[in-house]
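# Descriptive analysis of the structure
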Amino acid sequence: MKDVYLLGATGSIGKQTIEILRENKNAFSLKAVSCFSNIELLKKIIKEFKPKYACVGNIKDKEDLEKEFSDIICFSDEEGLLDLVTSGGDGGLLVNAIVGIAGLMPTVKAIEHKRDILLANKETLVTAGKIIKDLVKKNNVKLIPIDSEHSAIFQCLLNSKNEDVESIIITASGGSFRDKTREALESVTLEDALCHPNWSMGKKITIDSATMVNKGLEVIEAHYLFDISYDKIRTILHKESIIHSMVEFVDKSIIAQLGNPDMRIPIQYALFYPERKNFFNIKSLNFLEVKNLSFQELSFKRFPCLELAYFCGREEGIMPVVYNASNEAAVKLFLEKKIKFIEIEEIISKAVKSADNILNPSLDVILETDKLVKENIYNMYEVKR
Ligand code: NAD
Ligand code: MG
């Protein structure tokens, strides 16, 4: 029986994780859960799974929870999230399904408490990849990706040596606007952007897919996760989302991982690794129905945010933090309908171009930079409107 700490239980990944835990109550015990604002759903989860600890986004919701559940320990806010992941002794596993850099410090604290990390929150490795990898090694815990592309690469790389890898090939569905020209992007709306052709996901990652920032974040995530240079990380547009990613070896043999687009597959794989299960009768991929697997170039001209990610990744230091922070701020403004879609990439590009790099930043410097970059952007747009 493994103890599970689940952060972001009410989100897209969180809910699918709950589905799997529900089917496996003899293998996993949900010890701690968090959500930001969907307290009604959190209450349902608490009633069903009876965790010992819970954390919510604000003090009012915390008091509300305490009234209803006198036997669980409740926390709130950012600080509370750290208390949650450090409660209850060492060991077990953390599923980090929070969105944004808010997921970073809980991952750090969980590693220090010897919990295995099942990571959906890509912003953790993007902003502090080196620090996290060092901590994982030092504390001898597992780090298993939940992102579908990284789960694919993880599986393709099993039993292989790093020096045998020629390249990794990360596939991209292309997001909501994959068939639109750059000119057409001028007039797209928030509602258009939120319609992803293949995956149903949280709002931020859906916007990130449309700008191709998501692929950019995944390139940086892959660099740290698999210890592979940016020159060996390729990306390709694959509209069907059937091949989730591939690895090419030096003998030019390629191993790919395929399947229907269903995030329960990588979540389940991470939870049970190295075993394989299927609790949902997830259907087999029917090649005759798929018929065609198509591939197109992911052009930097069409998707400049992808080029910016490679640039920031190669620069290392604080640059991936600037890339991530400016994107988080821009997406927030776009979701609030304060800026146009096309302004997201303008904001990121400006932030990256005006930043001075800091090499080997500490966690404090990373968090401080994240805050400053975001404040700058919010101030700029307050003044402008
Ligand atoms: P979501 O928006 O659906 O859910 C996010 C969860 O985090 C919610 O439970 C929310 O309450 C909580 N949360 C949001 N902001 C928070 C904050 N500041 N502090 C604490 N909790 C907060 O997001 P999602 O689509 O489930 O994505 C979660 C993470 O997984 C992201 O990093 C995303 O890039 C990654 N990911 C998602 C998918 C997917 O299919 N949804 C696939 C691959 C990777
Ligand atoms: Mg992905």
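Right above here is the structure, for reference.
To keep things clear, this report deals only with the structure shown in the data block. None of these values were measured; they are calculated from a predicted model. (Residues numbered from 1 in each chain as written. Chains lettered and ligands numbered in written order. Predicted model: local features only at pLDDT ≥ 70, side-chain atom pairs only at ≥ 80, totals over all residues. Heavy atoms only, no water.)

## Points about the overall build of the chain
Under the convention used in this document: Every helix listed is a DSSP run of H or I at least four residues long, and every strand listed is a run of E at least two residues long, numbered separately from the N terminus. This radius of gyration counts C-alpha atoms alone. The globule rule is 2.2 Å times how many residues there are, raised to the power 0.38. Accessibility here uses a 1.4 Å probe with only protein chains present; expressed as a share of the type maximum, an area under 20% marks a residue as buried, one over 50% as exposed, and anything in between as partly exposed. A contact between two residues is defined here by any heavy atoms of the two lying within 4.5 Å. In these tables, accessible area is a Shrake-Rupley quantity obtained with a 1.4 Å probe, and a residue counts as shielded only by the protein chains included in the view. Charge counting treats Lys and Arg as positive and Asp and Glu as negative, with His and both chain ends excluded. By convention, the charge on Lys lies at NZ, on Arg at CZ, on Asp at CG and on Glu at CD.
Along the backbone of the chain there are 16 helices and eleven strands. Taking 21 Å as the expected radius of gyration for a compact globule of 385 residues, we find that the chain reaches 20 Å, a close match to that expectation. Reported as C-alpha extents along the three principal axes, the dimensions of the chain are approximately 55 × 55 × 40 Å. For the chain, with 385 residues in total, the buried portion stands at 57%. Pairs at least 24 residues apart make up 67% of the contacts formed inside the chain by residues separated by at least 6 positions. As displayed, the chain offers around 17500 Å² of accessible surface, 51% of which is attributable to carbon and sulfur atoms. Looking at the chain, you have 51 positive and 56 negative side-chain charges, and the mean spots of the two groups are 3 Å apart.

## Examining the sheet that holds strand 10 (residues 243–249)
For the record, the criterion: Two strands qualify as a pair provided DSSP detects at least 2 bridges between them. Only the stretch in contact is used when a helix axis is fitted, and all axes are lines through C-alpha atoms; the angle between N-to-C directions ranges over 0 to 180 degrees.
Here four strands make up an open sheet; going across it, the order is 9-8-10-11 and the pairing mixed. Two strands in the sheet have a free side with no partner beyond their single neighbour: strand 9 (233–237) and strand 11 (254–258). Pairs of neighbouring strands in the sheet enclose a mean axial angle of 20°, with direction left out of account. Where strand 10 and strand 11 come together, five bridges link them in antiparallel fashion. Across the sheet, Val247 pairs through a bridge with Ile255, a residue of strand 11.

## As for the coordination of the magnesium ion (ligand 2)
Inclusion rule: For Na, K and Ca the donor cutoff is 3.2 Å, while for all other metals N, O and S atoms must lie within 2.8 Å; water is not among the atoms, so some sites may look incomplete.
Of the protein atoms, only Asp147 (OD), Glu149 (OE) and Glu218 (OE) coordinate the magnesium ion (ligand 2), at distances of 2.1 to 2.2 Å. All donor residues of the magnesium ion (ligand 2) come from one chain, and their arrangement in sequence is D-x1-E-x68-E. With Asp147 in the loop between strand 7 (143–145) and helix 7 (148–156) and Glu218 in helix 10 (residues 213–226), this residue pair connects regions lying 71 residues apart in the sequence. Grouping residues by exposure puts Asp147 and Glu218 together as buried.

## Some remarks on the pattern of salt bridges
Where charged atoms of side chains with opposite charge meet at close range, the side chains can pair. To be explicit about the condition: Whenever a carboxyl oxygen of Asp or Glu lies within 4 Å of a side-chain nitrogen of Lys or Arg, that contact is scored as a salt bridge.
This model, assessed by the stated rule, comprises 30 salt bridges. If you follow the salt bridges from partner to partner, you end up with Glu40, Lys43, Lys47, Asp64 and Glu68 in one network.

## Let's talk about the nonpolar core
Basically, it comes down to this: We call a set of buried residues a nonpolar core when its members are Ala, Val, Leu, Ile, Met, Phe, Trp, Tyr or Cys and they connect through side-chain atoms within 4.5 Å of each other. How far each domain reaches was decided by an automatic or database domain assignment.
Core analysis: the biggest nonpolar cluster contains 128 residues, and Leu271 and Tyr323 have the highest contact counts within it. With ten residues, helix 14 (residues 319–335) is the largest single contributor of residues to this core. Lining this core are residues from two domains, each supplying at least three of them: domain 1 (2–145) and domain 2 (150–316). Not counting the four nearest positions on each side in its chain, Tyr323 is found in contact with Val213, Gly216, Leu217, Cys305, Leu308, Ala309, Cys312, Ile348 and Val352.

## So, helix 9 (residues 203–211)
Burial runs high along helix 9: seven of the nine residues are buried. Buried within helix 9 are the following residues: Lys204, Thr206, Ile207, Asp208, Ser209, Ala210 and Thr211. Elements in contact with the buried residues of helix 9: helix 6 (122–139), helix 8 (190–193), helix 10, helix 13 (304–315), helix 14 and helix 15 (341–354). Backbone geometry just downstream of helix 9 places Met212 in the positive-phi region, at approximately 75°.

## Notes on the pairing of strand 8 (residues 165–172)
Among the eight residues of strand 8, seven are classified as buried, and the element is accordingly described as predominantly covered. The sheet contact formed by strand 8 and strand 10 spans four bridges and is antiparallel. When the sheet's bridge partners are listed, Ile169 is paired in strand 10 with Met246. Alignment of strand 8 against strand 9, held across five bridges, turns out to be parallel. If you follow Thr171 over to strand 9, its bridge partner there is Ile236.

## Structural notes on the site of ligand 1
Using the following cut-off: We call a residue near a given molecule or strand whenever any one of its heavy atoms falls within 4 Å of it. Here a polar contact is taken to be a pair of N or O atoms separated by no more than 3.5 Å, where protein atoms must pair a possible hydrogen donor with a possible acceptor and residues adjacent in sequence count only if both atoms sit in side chains. In this count, Pro and Cys sit with the nonpolar residues alongside Ala, Val, Leu, Ile, Met, Phe, Trp and Tyr, while Asp, Glu, Lys and Arg are called charged and the others, Gly among them, polar.
Lining the immediate surroundings of ligand 1 are 22 residues, of which Thr10, Ser12, Phe36, Glu123 and Gly202 lie closest. A distance of 2.8 Å is found between an oxygen atom of ligand 1 and a side-chain nitrogen or oxygen belonging to Thr10. Taking Ile98, its main chain carries an N or O atom lying 3.5 Å from an oxygen atom of ligand 1. Class assignment for the residues of the shell around ligand 1 results in 13 nonpolar, six polar and three charged. Two domains share the shell around ligand 1, each providing at least three of its residues, namely domain 1 (2–145) and domain 2 (150–316).

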